[in-house]
Amino acid sequence: VTEPVYPRPGTLETMQAKIDAYPSFKGIRTPEALAKYRDIFDELHQLYVVLPGDDDSPEYTLHIKYIAEIRHHEDLMLRRIDVFIDEGKYRDAFEMLFVLERSHPGWPGYVKRRDRLLFLEAGKKFDDGKAEIALVTLEELHATNPRFQGLKNKLGDVTGRLITDAVADGNYRRARHFLLRLKSREDAHSVVSDWTNKLLGDSTAAL
């Protein structure tokens, strides 16, 4: 366990990229010039770490070849979020995601967890009979990742339920409202065409 290491994230990848980009030696090959060149190249292979509570000699170096893996604090947070999601503790997962976004926006893996969590949360709300809240959550996910796996079908299921309930209550204005919300996001969705034709048929019959 150390204090946060830099660069971050992608510490090892960033270090290796600098090593690979280090230019070949140019100039007069004097012993001093070669030694300086080798010192700089060797420095690129060193990761500086600070051990917590070590006041006498706080900073150490590790050669990159001895490092198998670096687990950043943020990566551990993502693992904990995965555990919360698997256990169905969506509120705890959302709270930890919020902390991660606020402290380190754009951290690799954040978006993947956020999208998965929004989708699962919407499914739970739908199963609990809160279809309108589920629709809002799915629309939030659609705004950032419209091609999320399963999102199109889930949008159709939730919107279809809302339209069906509205028609059953005779509230056609409400039914059209939800139909237009789906159409604005998935114009070619089968639920859009099916309910458009059905409502048009009902209107014609009423006239």
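Report on the accompanying structure.

**Quick look at the pattern of salt bridges**
A complete count under the given rule lists 13 salt bridges for this structure. For Glu 186, the salt bridge identified is with Arg 147, shortest N-O distance 3.0 Å. Of this pair, Glu 186 sits in the loop between helix H8 (172-183) and helix H9 (190-206) while Arg 147 is found in the loop between helix H6 (131-144) and helix H7 (151-168), placing the two residues 39 residues apart along the sequence. The exposure class of Glu 186 is buried, given its relative accessible area of 8%. What you see here is one network of salt bridges that share partners, running through Glu 69, Arg 71 and Arg 79.

**Comments concerning the environment of Leu 62**
Tracing the backbone shows Leu 62 in strand E2 (residues 59-63). Separated by 14 residues in sequence, Leu 62 and Tyr 48 place their C-alpha atoms 6.5 Å apart. Beyond its immediate stretch of four places on either side in the chain, Leu 62 contacts His 45, Gln 46, Leu 47, Val 49 and Ile 67.

**Quick look at the packing of aromatic side chains**
Going through the model one piece at a time under the given rule, you end up with four aromatic pairs. With a centroid separation of 4.9 Å and 35° between ring planes, the pair formed by Tyr 22 and Tyr 37 is classed as tilted. You can see Tyr 22 sitting in the loop between helix H1 (11-21) and helix H2 (31-43) and its partner Tyr 37 sitting in helix H2, a full 15 residues away along the chain. On the basis of relative accessible area, Tyr 22 is assigned to the buried category, the value being 19%. Residue Tyr 37 is classed as partly exposed on the basis of its relative accessible area of 23%. Geometrically, the ring pair formed by Phe 119 and Phe 148 is tilted, given 5.3 Å between the ring centres and 45° between the ring planes. One end of the pair, Phe 119, is in helix H5 (residues 110-127); the other, Phe 148, is in the loop between H6 and H7, with 29 residues separating them in the sequence. An aromatic cluster of three or more residues is present, and its members are Tyr 22, Phe 25, Tyr 37 and Phe 41. A cation over an aromatic ring shows up here: Arg 8 above the ring of Tyr 6, its NZ or CZ 5.6 Å from the ring centre.

The rules we used
- Residues numbered from 1 in each chain as written.
- Predicted model: local features only at pLDDT ≥ 70, side-chain atom pairs only at ≥ 80, totals over all residues.
- Heavy atoms only, no water.
- Salt bridge = Lys/Arg side-chain N within 4 Å of Asp/Glu carboxyl O.
- Helix = DSSP H or I, 4+ residues; strand = E, 2+ residues; numbered from the N terminus.
- Buried < 20%, exposed > 50% of the residue type's maximum accessible area, 1.4 Å probe, protein only.
- Contact = heavy atoms within 4.5 Å.
- Phe/Tyr/Trp six-rings, centres within 6.5 Å; stacked < 30°, edge-to-face > 60°.
- Lys NZ or Arg CZ within 6 Å of the ring centre and 35° of its normal.

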